[in-house]
Amino acid sequence: MIELKAISKNYTHNKQTFHALSDVHLSIQDGEILGILGYSGAGKSTLVRIINGLIEPTHGTVTIDGYVLDMQKQKAIDRMRHSIGMIFQHFNLVHAMTVYDNIKLPLDIAKYPSDKETRILELLDLVGLTDKKNMYPKSLSGGERQRVGIARALANHPKVLLCDEATSALDQKTSNDILNLLKIIHEKTKVTIVFITHQIEVVKALCDRVVVMDGGRIVEDTPIKELFVNPKSEVSKSLLQAFKYETTEPHVYELVYNHKNSDDTILSDCIKQFHIDVNIKYAKTLELKSETIGFLYVQFFGKQTDEAIAYLRAHQVEVNPYAI
Ligand SMILES: Nc1ncnc2c1ncn2[C@@H]1O[C@H](COP(=O)(O)OP(=O)(O)O)[C@@H](O)[C@H]1O
Ligand SMILES: [Mg+2]
């Protein structure tokens, strides 16, 4: 488990202090897939560099598996680096080395105790690059380069994989391929994944939980479903705009349901029982990692609208009065 307590990071230029991070508290559980979401400049990369010991916080402590990370002690930094792998937006491969040698590099640095060849072949197979092992990065596609990055990051069996905008330089399809690969790797290895991104569709596909950052602070820490159903912070609401139905009409409600109640005839029962009229304006479904959520935008008309809404809520359909 990684625990950040009261972390802040200040940068000083020309006697002006800039607060890149302020009072960040965060616990990352073993085996979870955590998204860190926010606009550019929110402090996400600074946070991730503090987690992997590349920069020292101005205040606060980082604890990894019960050990407080002491940046003055090389042994502590080495132990922490060994337990964390990292992938980047622009892959950061060594261009003069083949795919094979790029993956071998961290094994050499860590003086990998067992058979390196076996481990490299295993990693090439895991990321689907066995047939490209003798190629150089310049002749690979962006998606293939990121696969090399993933193999290299996983080489020493880290407990945590930090991904900083790892799909942001890729097109939609390639990005989805990489996210699917990360899901498969997570299922196989249970490695903790921390995925930093400004793209809400990425957290939607991958994460169990999301932390939203704004102006160097954590403004929301929520299970993935709640982010889409009940966004709390202004940043989440703004990032969610693209997913939402826009209307200025009156009497519109957002009904949110999941696969558990999607087979029931709740809405038609409700219409019959309370004699209401329903006008469907818009509907969409949202595929999260482990469930599908339906959003239905309707107008309700009738004297018993309040009773109808109470009935829906009692049957696990969320009903939100809707105004945008
Ligand atoms: N080394 C640095 N010196 C001064 N300011 C920095 C430095 N690194 C980051 N910052 C500032 O801190 C803020 C957060 O940056 P960053 O963590 O890279 O955000 P994000 O990854 O969310 O885009 C930005 O305003 C950035 O300009
Ligand atoms: Mg960044």
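Predicted model only: the values in this text are computed from it and were never measured.

We note that H157 has phi near 50°; this positive angle belongs to a residue other than glycine. Tracing the chain through its elements places H157 in the loop between helix 5 (142–154) and strand 7 (160–164). Even without being glycine, H275 reaches a positive phi, approximately 50°. Mapped onto the fold, H275 is located in the loop between helix 10 (266–274) and strand 12 (277–287). By relative accessible area, which is 63% here, H275 ends up exposed.

So, on to the site of ligand 1. In the vicinity of ligand 1, the contacting residues are Y11, H13, F18, A20, Y39, S40, G41, A42, G43, K44, S45 and T46. K44 has a polar side-chain atom sitting 2.8 Å from an oxygen atom of ligand 1. Within the side chain of S45, an N or O atom sits 2.9 Å from an oxygen atom of ligand 1. Here ligand 1 has 560 Å² of accessible area as a free molecule, and 64% of this is covered by the chains. Breaking the shell around ligand 1 down by element, the ones donating at least two residues are strand 1 (2–13), strand 2 (16–28) and helix 1 (44–51). Of the residues forming the shell around ligand 1, the biggest block, 3 residues, is contributed by helix 1.

A separate point is the sheet that holds strand 12. The antiparallel open sheet is built from 4 strands, whose spatial order is 12-13-11-14. Only two strands of the sheet have a single neighbouring strand rather than two, namely strand 12 and strand 14 (318–321). When strand polarity is set aside, the average angle formed by the axes of neighbouring strands in this sheet is 20°. Where strand 12 lies against strand 13 (residues 292–301), 10 bridges are found, and the strand directions are antiparallel. If you follow V278 over to strand 13, its bridge partner there is F300.

What follows covers the domain arrangement of the chain. Domain annotation for the chain reports domain 1 (2–240) and domain 2 (245–321). Between domain 1 and domain 2, the residue contacts involve 13 residues of the former and 12 residues of the latter. It is K204, K225 and V229 in domain 1 that bury the most area against domain 2; as a group they hold 56% of the surface buried on that side. The tally of links from domain 1 across to domain 2 stands at 1 salt bridge. D208 is the salt-bridge partner of K289, the closest N and O atoms lying 2.6 Å from each other. Summed over the shared surface of domain 1 and domain 2, the number is 1 residue pair in polar contact (both at pLDDT 80 or more). Counting residues per element, the ones that place at least two in the side of domain 1 that touches domain 2 are helix 7 (200–206) and helix 8 (224–229). Broken down by element, the residue count for the side of domain 1 that touches domain 2 peaks at 5 residues, all from helix 8. Partitioned by chemical class, the residues of the side of domain 1 that touches domain 2 number 7 nonpolar, 1 polar and 5 charged.

Looking now at the packing of aromatic side chains. Enumeration according to the criterion identifies 6 aromatic pairs in this entry. Arranged with centres 5.0 Å apart and planes meeting at 15°, the rings of Y245 and Y282 form a pair that is stacked. Of this pair, Y245 sits in the loop between helix 9 (234–240) and strand 11 (252–258) while Y282 sits in strand 12, placing them 37 residues apart in sequence. On the basis of relative accessible area, Y245 is assigned to the buried category, the value being 13%. Overall, the relative accessible area of 33% leaves Y282 in the partly exposed class. Aromatic side chains Y282 and Y297 sit 6.0 Å apart centroid to centroid with 40° between the ring planes, which places their arrangement in the tilted category. With Y282 in strand 12 and Y297 in strand 13, the pair connects residues that are 15 residues apart, well separated along the chain.

Here is what the cut-offs are and how they apply
- All residue numbers here refer to positions counted from 1 along the written sequence of the relevant chain.
- Chain letters and ligand numbers both follow the written order, the letters beginning at A and the numbers at 1.
- Residues qualify for local features only when their pLDDT is at least 70, as the model is predicted, and side-chain atom pairs are given and counted only at 80 or more; totals for whole chains, interfaces and linings, by contrast, use all residues.
- Side-chain descriptors were evaluated using all non-hydrogen atoms of the structure, hydrogens and water having been removed beforehand.
- Numbering of helices and strands runs from the N terminus; a helix is a DSSP stretch of H or I covering at least four residues, while a strand is a stretch of E covering at least two.
- Exposure is judged per residue with a 1.4 Å probe applied to protein chains only, and the accessible area is read against the type maximum: over 50% gives exposed, under 20% gives buried, and values in between give partly exposed.
- One heavy atom within 4 Å of a molecule or strand makes the whole residue count as near it.
- For the purposes of these results, a polar contact is taken to be a pair of N or O atoms within 3.5 Å, where, inside protein, one atom must be able to donate a hydrogen and its partner to accept one; residues adjacent in sequence count only when each atom of the pair is a side-chain atom.
- All accessible-area figures derive from a Shrake-Rupley calculation using a 1.4 Å probe, and residue coverage is judged against the displayed protein chains alone.
- The pairing criterion for strands is at least two bridges between them, as found by DSSP.
- The angle between two axes is taken between their N-to-C directions and runs from 0 to 180 degrees, where each axis is a line fitted to C-alpha atoms and a helix contributes only its stretch in contact.
- The split of the chain into domains comes from an automatic or database domain assignment.
- Throughout, a residue-residue contact means that at least one pair of heavy atoms, one from each residue, lies within 4.5 Å.
- Buried area is a sum: the accessible area each of two parts loses on coming together, probed at 1.4 Å, counted once for each and added.
- We define a salt bridge as a side-chain nitrogen of Lys or Arg found within 4 Å of a carboxyl oxygen belonging to Asp or Glu.
- Here the nonpolar group is Ala, Val, Leu, Ile, Met, Phe, Trp, Tyr, Cys and Pro; Asp, Glu, Lys and Arg are the charged ones; every other residue, Gly included, is treated as polar.
- Any two of the Phe, Tyr and Trp rings considered here, Trp counted by its six-membered ring, make a pair once their centres fall within 6.5 Å; the pair's planes then place it as stacked at under 30 degrees, edge-to-face at over 60, or tilted in between.

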